Amino acid sequence: MLRAQNIPLKFQNSKIMEGVLGEEYDKSINNNMKVSMNFEIEQASDSRVSRETGSCLACGNCLSGCPYNAKNSTDRTYLVSAIQAGCTIKTECEVQYVISNKENTCNEDGRSKRRSERRWLVFLNEFEYIASDIVILSAGVFGTAKILFQSQLRGLAVSEKLGSGLSCNGNNVAYVAESSAPLNAIGLNRNQFSNIPFQERPGPSISSAYTSSLGFTIQSAVIPTAYPSFLFKGITTYGWQSSYWFLHGITDRVKRVLGSKSGQEIILNAMGHDDSSGKLTFEKETNRILFQPPHDHLLPRKIEAFEKIAKKIGGVLFMSKYRSTSVHLLGGCIASSHVSSGVCNPNGQVFDTTSPSGVHSGLYVCDASLLPCSIGINPCLTVASVAEHVSRQLVKDAVKSSGTFVNKKFDKKPGSINNGKMDKGFKSEVVVTKETMRGQVGGMPCTAYLNLRFGTNNGSEKSHPLLRGEVGGYIECRALEMEKMYISHGEVDLCETDTRTPYTQYMRYHLLVAASSGSRYVLEGRKIMNPYLLALYAWRESTTLNATLTKINDKMPGEDSMNLKGKLRISVLELLKSVYALEGGSKYKFVFLLMQSLLTTYIIRAPRGSPAKFGPMKLASEPYPHSTIHEIQTEDNFTISCQHWENCDRQLEREEKPYPVLLINGYATESYCLPTEKNDLIRTLLKDGHDIWLLHSRVHWSNPSNDFSVDDIGKIDIPAAMNKIIEFYGEPIRVHVVAHCVGGLAIHISLMGGFVPAKHIASLSCTSSSMFYKLTKSSSVKMRLPLLPVSMAIMGKNKILPMLQESAASYRHKLLKSIARLIPRYERCTCDECEVFSGIFGNAYWHENISESMHHWMNKENLPRLPMAAFPHLRRICNSGFIVDSKGSNSYLIHPERMAVPTLYISGGRTLLVRTETSFLANKYMKLHQPGYRHERVVVDGFGHSDLLIGQKSDEKVFPHIQKHIELAEDEMSSFKKQREYNKYKKEALAWSCDPYEDGESFGSWVLPLITILLLVLLFKLFFLSGFS
């Protein structure tokens, strides 16, 4: 504890005040004066004293800091002890806010992790912070309240009483000038010491105090020589005894400059009690604390007392007439026994309005903010006593909770933070700017105001450090949160790459935002830049952020959270503002590196990164389930096959065993039996107890036909497979059918053409296909142009194209593959087989959705040959937009009565090759024509076409929908319930007029015909001038 020094001497201003007030007031300070502003350390040991304290020279400059080392201020007492105990003191900075470092803060893959093992993050600005288990706020009444107000805006739950209970300690400060009395109450400079004896000097800052019977105390104070005389004069005060009071300040300054004798001056301070009804509020737009003083019922009496003093000493009085002027602010974060009446508990812990414990563990307030009422005297020793009390309780709480947050091991994960993140001083390598993006998220208006700082070595090591950085600022989405959502942690990488998409450049934004409501969100955004159509989309791609806003479920982390999708765009004007706002010594280098990366992506089109190398294919860790191949002779004497996996669960009786599942692939590629993946649809359905039948039709590379159509698959192959399944089980049995792409077209031809009775189908699930087939505009244009007939003419009689790069191929086949490599596609690949396949079909999947091993297996091992004989029929279907026969006639869609089955249509939400309208129209068609059956439609966000079944996360995002649909089809519902629900479905189908998932395509999609026509001209020239027959 600290105690006051004694100075056994009465100085001149004290003598004058005694003569003026001695008869009317009780003297509070004895001759053996105790000066409350000078302290010394109790029982100070030699090891704790680093500097000797000088002697008081009575210069009167105490308020501005003693220039003669005679004042035991904080830097000589508590801070010295803290440094010797191992603390680090950071100067020239200011704490802005404190946020709780919860378990699930930020992550790149969408999962939750902690940035540090520490409980609290203390931010000095938007980017620099210190992590700590215990945080003690001791920034004064205004400072502590401001920190908590700003923390509250970022989700810290505090009491509604924050800012209330403000007291001015009954203070009212007055300034008396132009006095004729020898007050001697202005501090001395160094040049005046030799001419003035010690006893005639001003003395300490506070040298006299007198208490009135009315309930307040008046103290006199010495004005430091460093203070300007105008500090206590101005338009907010008034002068008494003279109508020309404002001129006194000017004349006094002139006299001081000329060196002539000026009037005497002194400060008077009244202390007492007010009603502690003051309030602090926070102005969010300017980040300022606003002050509303408490009511002081003794203010008129204090003004009257000051006027009497000024009259007796013959001076002009300057003071506030209508409000208190305080030098001893108290409260604002007052202590109380309950959160309804205070901000902190009696031990200084900040109340938590959402926690069962009632307090924020490890967050304390330890200053005059805790005091709930005025004291009436100098509060310095009272505040010190409160600090001692809080400190003792803090140590007890820390020891009690030592197993929870004290001496934790630091998080050693890459990119994690142990004890803080501070600016290391390499500011020449740091570039800062601002960015404003506007758009919609979840259909709601949203604006992001971002502060970006690059060159901080965050993010992937693949891009240049100057293109990676941190993000601060805030997001406004008033339909979601009324207040601003502040970014508490953000990362940005302007040149992120992926070895699976080596030609694509990503600008990735990863933001953790917090709202004053306590809700927290993660905004994941990417600007995806592909060298498509000669950089036609460069502006749109580089200025459009594809954003996902996910709400963090702190109470139930395992539950699904709200996910809102949308796009944010930066306008030309805002982009120019961002360029103009660039600051930092490396800003020109930053611009050069960014333009270089865009040039590499759009013009040079060079792949980045090294693709993974694969030797002999390594299958999944577990051996693939055993299967049996059943060869089937069709009615046209063509041999197809079915691969059969029989469920080995002997505990299930025949009556209890679920129906078998027939899987039908797309065009030539495998989508179900994936030996490189940990889980595929076959293994998923086997675990559910189903027998699996995988059809290898004449479009499959293992049974390639040189002359067939999609009609042949639907009319002949699928009925033959169904007959084989019925024959195998020896009784009429129902089958669940799962079909993809062309397989989905074929099963609808089988059903609507009457080749397979609906009574044999337990349920139908189709991915990226239905009785409708709506392509993207770029793919549709390719189908309408004569590119396909010319390609078939080039191939001649052999319609089976070798796909492997090392396979032997004729000149015709080589020419066709060369042309396919030139066809524009949205995503390019370094794999030749993938380039040829996507040139023929278009991109069938988003590369980032499938594993590198899956990509290698599909292109290097799974598809050695591509039978193309069915392309003319497929072209007719694509141009019609729905299933037609091989002659182009509408022979199937006119028979909806044959589709008496429950259906599920699945589309990818990130449109690729086939539009989501395909599933929308099919679902609407089925609900309209077959209302007696359950019909569902699912759009899976982030997936394209084939990656719905072969993606790394298909087992999490897609398979559960198929499993649920099959499970519901197994359970027979009562006719009453069926009729009630299906009537509802029918009403919904009739009410829908447009697809809510459909994403319109822009004008750029129609530029593809120009490029394709040029290729056609070249093709005709090569074809006819070469003399092909």
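Preceding block: the structure.
Residues numbered from 1 in each chain as written. Predicted model: local features only at pLDDT ≥ 70, side-chain atom pairs only at ≥ 80, totals over all residues. Heavy atoms only, no water.

J.: Explain the overall build of the protein to me, and be specific about the residues and the numbers.
T.: Looking only at helices and strands, the protein features 25 helices and 36 strands. Excluding contacts between residues fewer than 6 apart, the proportion of contacts in the protein whose partners are at least 24 apart in sequence is 71%. Counting only carbon and sulfur atoms, one obtains 54% of the accessible surface of the protein, whose full area is about 46,700 Å². (Helix = DSSP H or I, 4+ residues; strand = E, 2+ residues; numbered from the N terminus. Contact = heavy atoms within 4.5 Å. Areas by Shrake-Rupley, 256 points an atom, 1.4 Å probe, with all protein chains shown as cover.)

J.: How would you explain the sheet that holds strand β30 (residues 692–696) if you had to name every residue and give the values?
T.: Across the sheet, eight strands lie side by side as β27-β28-β30-β29-β31-β32-β35-β36; this open sheet has mixed pairing. Of all the strands in the sheet, just β27 (628–633) and β36 (935–940) have a single pairing partner and so form its edges. The sheet shows a mean angle of 20° between the axes of neighbouring strands, taken without regard to direction. Two elements, β27 and strand β28 (residues 639–645), share six bridges in a ladder whose sense is antiparallel. Along β28, the bridge assignment pairs I629 with Q643. Relative to the sheet, helix α20 (residues 917–929) contacts β35 (903–908) and β36, its axis offset from that of β36 by approximately 165°. (Pairing = 2+ DSSP bridges. Axes fitted to C-alpha atoms, helices over the stretch in contact; angles between N-to-C directions.)

J.: Residue-level account of the nonpolar core, with values.
T.: Membership of the largest hydrophobic core comes to 90 residues, with the highest contact counts inside it found for Y667 and M771. A per-element tally of this core places helix α12 (residues 710–729) first, with nine residues. Dropping the residues within four chain positions of it, Y667 is found in contact with V699, F708, V742, F841, L866, P867, M868, A869, A870, F871 and L874. By size, the runner-up hydrophobic cluster in this structure holds 41 residues, among which are V431, V441, C446 and V471. (Core = buried A, V, L, I, M, F, W, Y, C linked by side-chain atoms within 4.5 Å. Buried < 20%, exposed > 50% of the residue type's maximum accessible area, 1.4 Å probe, protein only.)

J.: So, the pattern of salt bridges: which residues are in play, and what are the values?
T.: The tally for this structure, following the rule as stated, stands at 30 salt bridges. Across the salt bridge formed by D941 and K565, the nearest N and O atoms sit 2.8 Å from each other. One end of the pair, D941, is in the loop between β36 and α21 (947–950); the other, K565, is in strand β26 (residues 563–569), with 376 residues separating them in the sequence. Here D941 falls in the partly exposed class, since its relative accessible area comes to 44%. Two residues, D832 and R821, come together in a salt bridge whose shortest N-O distance is 2.6 Å. Of the two residues, D832 sits in helix α17 (residues 832–841) while R821 sits in helix α16 (residues 811–822), which places them eleven residues apart along the sequence. Residue D832 is classed as buried on the basis of its relative accessible area of 14%. Residue classification places R821 among the partly exposed residues on the basis of a relative accessible area of 28%. Salt bridges sharing partners connect three or more residues here, namely E128, R453 and E470. (Salt bridge = Lys/Arg side-chain N within 4 Å of Asp/Glu carboxyl O.)

J.: Explain empty space enclosed by the protein residue by residue, including any values.
T.: Considering all chains together, one arrives at eight cavities of 30 Å³ or more under this definition. When its volume is computed, the largest cavity comes out at roughly 480 Å³. Forming the boundary of the largest cavity are 33 residues, of which K782, M783, I840, F841 and F871 lie nearest the centre. (1 Å grid on protein atoms, 1.4 Å probe; cavity = no way out; pocket = protein on both sides within 12 Å on 5 of 7 lines; lining within 4 Å. Points joined across faces, edges and corners; volume = space filled by probe spheres on them.)

J.: Tell me about the sheet that holds β26, and name the residues and values.
T.: Around the barrel, eight strands lie side by side as β19-β20-β21-β22-β23-β24-β25-β26; this closed barrel has antiparallel pairing. If you compare each strand with its neighbour and ignore which way they point, the axes differ by 30° on average. In terms of strand pairing, strand β20 (residues 444–454) meets strand β21 (residues 468–476) through eight bridges, oriented antiparallel. Pairing of A448 across the sheet is with I475, part of β21.

J.: An account of the packing of aromatic side chains is needed here, citing residue identities and associated values.
T.: By the definition in use, this model includes 21 aromatic pairs. Considering the side-chain rings of F149 and F282, the 5.9 Å spacing of their centres and the 10° angle between planes classify their relative orientation as stacked. Of this pair, F149 sits in helix α3 (residues 140–153) while F282 sits in strand β13 (residues 279–283); the two residues are 133 residues apart in sequence, bridging distant segments of the chain. Under the relative-accessibility criterion, F149 is labelled buried at 10%. By relative accessible area, which is 13% here, F282 ends up buried. (Phe/Tyr/Trp six-rings, centres within 6.5 Å; stacked < 30°, edge-to-face > 60°.)

J.: Outline α16, listing residues and values.
T.: Each full turn of the α-helix corresponds to 3.6 residues, which orients residues three or four apart in the same direction. End to end, α16 covers 17 Å across twelve residues, agreeing with the expected 16 Å (1.5 Å per residue, within 8%). Those residues of α16 that fall on the buried side of the exposure criterion are H813, L815, L816, K817, I819 and A820. (Expected span 1.5 Å × (residues − 1).)

J.: Tell me about helix α5 (residues 299–313), residues and numbers included.
T.: Here α5 is 15 residues long and its end C-alpha atoms lie 21 Å apart, about the 21 Å a rise of 1.5 Å per residue gives. Of the residues one or two after α5, G314 is the one with positive phi, at around 70°.

J.: How would you summarise the side chain of E476 if you had to cite specific residues and measurements?
T.: Position of E476 relative to the elements: it lies in strand β21. Under the relative-accessibility criterion, E476 is labelled buried at 19%. Looking at E476, its side chain comes within polar contact range of the side chain of R478, at 3.3 Å. In this structure E476 touches P445, C446, T447, Y449 and K484, once residues within four positions along its chain are discounted. (Polar contact = N/O pair within 3.5 Å; in protein donor to acceptor, adjacent residues only side chain to side chain.)

J.: I'd like a rundown of the pairing of strand β8 (residues 172–179), residues and numbers included.
T.: β8 sits mainly inside the fold: seven of its eight residues count as buried. Across six bridges, the pairing between β8 and strand β12 (residues 264–271) is antiparallel. Note that in β12 the partner of N172 across the bridge is A270. When β8 meets strand β15 (residues 316–319), the two strands line up antiparallel, connected through four bridges. Bridge pairing links A177 to V316 in β15.

J.: So what about unusual backbone geometry? Which residues, and what values?
T.: When glycine is set aside, most residues are seen to have a negative phi, and most peptide bonds are trans. Positive phi, close to 55°, is recorded for E92, a residue that is not glycine. Within the fold, E92 resides in the loop between α2 (78–84) and β4 (97–100). Taking the relative accessible area as the measure of exposure, E92 reaches 84% and is therefore exposed. Non-glycine residue N184 carries a positive phi angle of around 55°.

J.: I'd like to hear about a nonpolar patch on the surface, residue by residue, with values.
T.: Taken together, the side chains of W539, V572, L575, L576 and V579 make up a nonpolar region of the molecular surface, amounting to roughly 470 Å² of accessible area. Among the elements that take part in the nonpolar patch, helix α9 (residues 572–580) stands out by supplying four residues, more than any other. Within the fold, L575 resides in helix α9. Of the residues examined, L575 reaches a relative accessible area of 31% and is grouped as partly exposed. (Patch = residues over 30% accessible without salt bridge, like charges linked within 9 Å, V, L, I, M, F, W, Y side chains within 5 Å.)

J.: Residue-level account of the packing of α16 against α17, with values.
T.: For the pair α16 and α17, interaxial distance at closest approach is 7 Å and the crossing angle is 80°. Put simply, α16 runs roughly perpendicular to α17. For the pair α16 and α17, the contacting residues are K817, A820 and R821 in the first and D832, E835, V836, G839 and I840 in the second. Looking at the contact of α16 with α17 residue by residue, the class counts come to three nonpolar, one polar and four charged. (Parallel < 35°, antiparallel > 145°, perpendicular 65-115°, else oblique. Nonpolar A, V, L, I, M, F, W, Y, C, P; charged D, E, K, R; others polar.)

J.: Could you give an account of the pairing of β36, naming the residues involved and the relevant values?
T.: The element β36 is extensively covered by neighbouring structure, given that five of its six residues are classed as buried. Each parallel crossover has a hand, and for β35 linked through α20 to β36 it is right-handed. (Right-handed = clockwise from strand over helix to strand, strands pointing away.)

J.: An account of the packing of helix α15 (residues 787–795) against helix α19 (residues 871–880) is requested, with residue identities and associated values reported.
T.: Across the interface, α15 lies against α19 with an axial gap of 10 Å and an inter-helix angle of 180°. By the angle between their directions, the pair α15 and α19 is classed as roughly antiparallel. Taking contact as the criterion, the partners of L788, P789 and M792 in α15 are, on α19, F871, P872 and R875. In terms of residue class, the contact of α15 with α19 is built from five nonpolar, no polar and one charged.

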